[in-house]
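Tertiary structure, described
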Amino acid sequence: MYNTKDPFNTSQIQISKPAVKQNVKFVKKLIGKNVKLSAVVKGNAYGHGIEQMVEIFESFKLTHLSVFSAHEAFRVCQVKHPNTQVMIMGWLNDDQISWAIENDVEFYVFDIDRLSEAIKRAKEIGKKAKIHLEVETGMNRTGLEEKYFPDAIKMMSENLEHLIFEGMCTHYAGAESISNYLRIKDQIELFGRYLEEFKKHDLVPNIKHTACSAAVVSYPETQMDMVRVGILLYGFWPSRETFIHYLRSNGFNEKGKEKSSDPLKRVISWKSKIMSLKDLPMGEFVGYGTSYQAPKKMKIATVPVGYAYGFSRSLSNQGRVIVNGKRVAVIGTVNMNLMIINVSECKEVKKGDVVTIIGAQGKVKVTVASFGEMSNLLNYELLSRLPMDIPREVVD
Ligand SMILES: *Cc1c(COP(=O)(O)O)cnc(C)c1O
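Treat the numbers as computed from the prediction; the structure is a model and nothing was measured.

1. Structural notes on helix H8 (residues 181-200)
For H8, which comprises 20 residues, the first-to-last C-alpha distance of 29 Å matches the rise-based estimate of 28 Å (1.5 Å per residue) to within 8%. Within H8, the full set of buried residues consists of Ile184, Gln187, Ile188, Leu190, Phe191, Tyr194, Leu195 and Phe198. In this structure, the buried side of H8 is in contact with strand E6 (129-134), helix H7 (149-158), strand E7 (163-169) and strand E8 (207-211). Asp202 lies just past H8 and shows a positive phi near 60 degrees.

2. Considerations on helix H10 (residues 240-249)
Thr242, Phe243, Tyr246 and Leu247 are the residues of H10 that are buried. Looking straight down H10, one finds its buried side chains confined to an arc of 140 degrees; they lie on one side. Away from its buried face by more than 90 degrees, H10 exposes Arg248 and Ser249. Tucked inside the fold, the buried residues of H10 contact helix H1 (17-31) and helix H9 (213-218). A positive phi of about 80 degrees marks Gly251, the residue just after H10.

3. So, the sheet that holds strand E5 (residues 106-109)
Remark on secondary structure: sheet strands pair via backbone hydrogen bonds, oriented parallel or antiparallel. Taken in spatial order, the 8 strands line up as E2-E3-E4-E5-E6-E7-E8-E9 and close into a barrel, and their pairing is parallel. Neighbour to neighbour, the strand axes of the sheet diverge by 30 degrees on average, direction disregarded. Sheet topology places strand E2 (residues 36-40) next to strand E3 (residues 64-67); 3 bridges connect them, and they run parallel. Across the sheet, Val40 pairs through a bridge with Ser66, a residue of E3. Running over the sheet, helix H6 (residues 112-125) touches E5, E6 and E7 and is turned about 145 degrees from E5.

4. Section: the pattern of salt bridges
Counted under the stated rule, the structure contains 14 salt bridges. Residue Lys208 pairs with Asp225 through a salt bridge whose shortest N-O separation is 3.2 Å. Of this pair, Lys208 sits in strand E8 while Asp225 sits in the loop between H9 and strand E9 (226-229), and the two are 17 residues apart along the sequence. A relative accessible area of 25% places Lys208 in the partly exposed class. According to the relative accessible area criterion, Asp225 is partly exposed, its value standing at 25%. What you see here is one network of salt bridges that share partners, running through Asp95, Glu117, Lys120 and Arg121.

5. Some words on the packing of helix H3 (residues 50-59) against helix H4 (residues 70-79)
Contact pair H3 / H4: the axes reach a minimum separation of 9 Å and the direction vectors enclose 55 degrees. In terms of their interaxial angle, H3 and H4 are classed as oblique. Crossing angle aside, the handedness with which H3 passes H4 is right-handed. For the pair H3 and H4, the contacting residues are Ile50, Glu51, Val54 and Glu58 in the first and Glu72, Arg75, Val76 and Val79 in the second. Residue composition of the contact of H3 with H4, by class: 4 nonpolar, no polar and 4 charged.

6. Overview of the domain arrangement of the protein
In terms of domain boundaries, the protein breaks down into domain 1 (35-261) and domain 2 (268-395). Taken residue by residue, the interface counts 16 residues in domain 1 and 14 residues in domain 2. On the domain 1 side of the interface with domain 2, the three residues burying the most area are His48, Phe236 and Arg240, jointly 33% of the side's total. Inspection of the domain 1/domain 2 interface yields 0 salt bridges.

7. A few points about the pairing of E5
Neither face of E5 is exposed, since Glu106 and Tyr108 on one face and Phe107 and Val109 on the opposite face are all buried. Pairing between strand E4 (residues 85-88) and E5: 2 bridges, direction parallel. Within E5, the residue paired with Met87 across the bridge is Glu106. One crossover worth recording links E4 to the parallel E5 by way of helix H5 (residues 94-102), and it is right-handed. Bridge count between E5 and E6: 3 bridges; the pairing is parallel. Within E6, the residue paired with Phe107 across the bridge is Ile131. A crossover connection joins E5 to the parallel E6 through H6; in handedness this β-α-β unit is right-handed.

What counts and what doesn't
Residues numbered from 1 in each chain as written. Predicted model: local features only at pLDDT ≥ 70, side-chain atom pairs only at ≥ 80, totals over all residues. Heavy atoms only, no water. Helix = DSSP H or I, 4+ residues; strand = E, 2+ residues; numbered from the N terminus. Expected span 1.5 Å × (residues − 1). Buried < 20%, exposed > 50% of the residue type's maximum accessible area, 1.4 Å probe, protein only. Contact = heavy atoms within 4.5 Å. Arc of directions from axis to C-beta. Pairing = 2+ DSSP bridges. Axes fitted to C-alpha atoms, helices over the stretch in contact; angles between N-to-C directions. Salt bridge = Lys/Arg side-chain N within 4 Å of Asp/Glu carboxyl O. Parallel < 35°, antiparallel > 145°, perpendicular 65-115°, else oblique. Left-handed = near helix turned anticlockwise from the far one by under 90°. Nonpolar A, V, L, I, M, F, W, Y, C, P; charged D, E, K, R; others polar. Domains from an automatic or database assignment. Buried area = accessible area lost by both parts, 1.4 Å probe. Right-handed = clockwise from strand over helix to strand, strands pointing away.

Given below as structure tokens:
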């Protein structure tokens, strides 16, 4: 089982259930009543903890969950309600295909090998495989290419007693950036054509789904029957552009209104404590090497969280954390087990004071990749790299 409390850990994670509630409500409003919402819980639920998030999503009546691998699906199955559906969008091996069929786990099919294996395994078990055919529309990652359609159509048509054609799907190559607009538009069009091609052969999927968070917001026509949403449910925008698109299409144009109109709530907060403090004379270098030199007399502190604990080394001299209600800078390189921060501006700072690495103290927030300063992709990366052994406590 998973830990919720571990007093020995150097940091703690809290998961806010009311925040998830708000985000689910927001996404549901975006997609309307007739579109199903699949909550993406891959990457240990974007670092939030699969087990905790499954329970929370189910409590808000979400009954479809998407994962990347059979391993993640297995973890979901250990805790989920029997009626909740699980869909594997990526990896499973041949034996795991049998496991999936036996356990009513849906899975992507994006090549002929997997299709034939699914049919073979379904025959053996005597139960239909519930498949989502992922077609290649331009992402060029997984996805069945058009040249294999005739084979797929033949195999599927001849084996309908072993298959449930549950879904047809694709994934967009960067819907979070307007610079990919033409590429996405082409993908949307191709998906429509491919759907018709299968329909012509009486192969009609139960549902069609293509949209991730960014597509839900910026390309509403991609919502179809179901959307696969991750990052929004955890309270982060896929990119600043996506947020701006949302604001503008909802009539918020004025500068400064942005903050108050962000409908999302961060779910995670990650906290540690000040381990030690030092006064530093002007001109001294901090930590390994010479990447940070004190421009004046400073007060600095160490925090027992480093890259081995999921705080990326790329945040060296870049990251921000909150101490005593103030945003303060990470200075020098992030070490394996600790980082050094500049607390010169914090009054009465002392050992043991709370350091918020992700989350808020009062009105002050840190979102990992603070808007504008760093790539938002850092959110996805840093969240999903949060080590599994940091305790995750769900708070109401
Ligand atoms: C990760 C992923 C999603 C969800 O992406 P978000 O940007 O977090 O909403 C949807 N579909 C596929 C195939 C994915 O890999």
